[in-house]
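# Coordinates in review
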Amino acid sequence: MTAKILDGKAIAEELRNSIKDEVERQVAQGNKRPGLAVIMVGEDPASQVYVRNKKLACEKAGFKDVSEVLPASTSQEEVLALIDKLNADDDVHGIIVQLPVPDHINPEEIIERIHPCKDVDGFHPYNVGRLATRMPQLMPCTPHGVMTMLAKTGIPLRGLNAVVVGASNIVGVPMMLELLNERATVTICHSATKDLAEQVGRADLVVVGVGIPNMVKGDWIKDGAIVIDVGINRMDDGKLCGDVEYDVAKEKASWITPVPGGVGPMTIATLLENTMKVAYQLDCKLK
């Protein structure tokens, strides 16, 4: 068996095109273009790439881009004041703060300052809480992008044994909640998990996001399983690889995501989807 490829690049392009069409339809009816504010503090090279890609994606989708690049010396109070200003701006529908931030800034306090109805990253405790109680509003972009990809397989998630490797608040925990809400039976694994190979080996669906190159070995994968690799790691030779041993795993899985070109493109596309939802669909009751 050789796995079918879940082409995140193609799925993301399809999603972005549908978003662009809806934006133009809304604008033609007299509605505002969705506005996305991206705040970056400092000059982290990876963050600069991400922010540039988000800016380009906004332009292609017909969004209003509001990028705010601040020096690393910016104080926490200044960042909070900027967020307050953007929260009050009716032309801004989504706000994200690019992580990481400098050490003197508390990311949790920054995230909580964003109004939950403009938290298009889906990181605010209010939005995570709604996901946990099966009343989702704005869902974290990477896990929700994975759900969009899984829908493309045509395989019902209900009743599947799913194993999530990695328990971060950005990927692992919301991924667990998304799968649980679809009635999968979910196990979440982390650094204290005993016999990870056994846990992975019984899974019909494996989602891995730990940031360790090739940590999940291909021969752990159950025949016919779906493999979603969220990781992206740059090796010493400059090549990119995921958290799953791809060349071996693809010979056992039924579906698999490549790295690069798998989950990565879905994150930005889902960010746009969340922002459009705020602009045209979300009826937020919070004041």
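Residues numbered from 1 in each chain as written. Predicted model: local features only at pLDDT ≥ 70, side-chain atom pairs only at ≥ 80, totals over all residues. Heavy atoms only, no water.

### Notes on the environment of Lys 250
The cut-off we apply is this: Runs of E in the DSSP output that reach at least two residues are strands. Runs of H or I that reach at least four are helices, and both are numbered from the N terminus. Any two residues whose heavy atoms approach within 4.5 Å at even a single point are treated as in contact.
In this structure, Lys 250 sits in the loop between α9 (246-249) and β11 (255-256). Spatially, the C-alpha atom of Lys 250 lies 35 Å from that of Met 276, the residues being 26 residues apart in sequence. Setting aside residues no more than four positions away along its own chain, Lys 250 makes contact with Met 1, Thr 2, Ala 3 and Ile 256.

### Regarding unusual backbone geometry
Cis peptide bonds are those with omega within 30 degrees of zero, and the linkage from Leu 99 to Pro 100 qualifies with 5 degrees. The topology assignment puts Pro 100 in the loop between β4 (94-97) and α4 (107-113). Cis rather than trans, the peptide bond between Val 259 and Pro 260 has omega equal to 0 degrees. Tracing the backbone shows Pro 260 in the loop between β11 and α10 (264-280).

### Describing the UniProt feature "binding site: NADP(+)" (unreviewed entry) in the protein chain
The condition that has to hold: UniProt positions are given in the numbering used here, feature names are shortened, and annotations may be inferred rather than shown by experiment. Only protein chains enter the accessibility calculation, which uses a 1.4 Å probe; a residue is then buried when its area is under 20% of its type maximum, exposed when over 50%, and partly exposed in between.
The positions that UniProt labels "binding site: NADP(+)" (unreviewed entry) are, in the present scheme, Gly 166, Ala 167, Ser 168 and Ile 232. On the secondary structure map, Ala 167 appears in the loop between β5 (161-165) and α7 (172-181). Among the residues examined, Ala 167 registers a relative accessible area of 38% and is labelled partly exposed. The contact partners of Ala 167, leaving out residues within four places of it in the chain, are Gly 172, Val 173, Ile 188, Cys 189 and His 190. For Ile 232, the position within the fold is in the loop between β8 (226-229) and β9 (233-234). Dropping the residues within four chain positions of it, Ile 232 is found in contact with Leu 240, Cys 241, Val 259 and Pro 260.

### Examining the nonpolar core
Stated formally: To form a nonpolar core, buried Ala, Val, Leu, Ile, Met, Phe, Trp, Tyr and Cys residues must be joined to one another through side-chain atoms within 4.5 Å. Where each domain starts and ends follows an automatic or database-derived domain assignment.
Grouped together as the largest cluster of nonpolar side chains are 45 residues, with contacts concentrated most on Ile 19, Phe 63, Leu 150, Leu 179, Leu 205 and Ile 228. When residues of this core are assigned to their parent elements, the largest contribution, eight residues, is made by α10. Lining this core are residues from two domains, each supplying at least three of them: domain 1 (30-117) and domain 2 (141-264). Those residues in contact with Ile 228, other than ones at most four positions away along the chain, are Leu 6, Val 146, Leu 150, Leu 205, Val 206, Val 207, Val 208, Thr 257 and Val 263.

### Examining the pattern of salt bridges
Put simply, the test is: Definition used for salt bridges: Asp or Glu carboxyl oxygen within 4 Å of a side-chain nitrogen of Lys or Arg.
Under the counting rule described, the total for this entry stands at nine salt bridges. Between Asp 91 and Lys 64 there is a salt bridge, with the nearest N and O atoms lying 3.9 Å from each other. In this pair, Asp 91 sits in the loop between α3 (76-87) and β4 while Lys 64 sits in strand β3 (residues 64-70), placing the two residues 27 residues apart along the sequence. Accessibility expressed as a relative area gives 30% for Asp 91, which makes it partly exposed.

### Some details on a negative patch on the surface
As a reminder, the rule being used: To count toward a patch, a residue needs a relative accessible area above 30% and no salt bridge. Like charges then connect within 9 Å, nonpolar side chains (Val, Leu, Ile, Met, Phe, Trp, Tyr) within 5 Å. Method for areas: the Shrake-Rupley scheme with a 1.4 Å probe, in which residue coverage is limited to the protein chains shown. Only four residue types enter the charge count, namely Lys and Arg as positive and Asp and Glu as negative; His and the chain termini do not. For charged residues, the charge sits on one atom: NZ in Lys, CZ in Arg, CG in Asp, CD in Glu.
Residues Glu 77, Glu 78, Glu 108, Glu 109 and Glu 112 make up a contiguous surface patch of negative charge. Sorting the residues of the negative patch by element identifies α3 and α4 as the ones contributing at least two each. A total of three residues in the negative patch trace back to one element, the largest contributor, which is α4. Considering the arrangement of structural elements, one finds Glu 112 in helix α4.

### Things to note about the sheet that holds β4
Put simply, the rule is: When DSSP finds two or more bridges between two strands, those strands count as paired. A fitted line through C-alpha atoms serves as each axis, taken over the contacting stretch for helices, and the angle formed by two N-to-C directions is quoted from 0 to 180°.
Overall, parallel pairing links the three strands, which are arranged β3-β2-β4 in an open sheet. Edge strands, defined here as strands with exactly one partner in the open sheet, are β3 and β4. The average undirected angle you get between the axes of adjacent strands in this sheet is 15 degrees. Relative to β3, strand β2 (residues 35-41) runs parallel, the two sharing seven bridges. Within the sheet, the bridge partner assigned to Leu 36 lies in β3 and is Asp 65.

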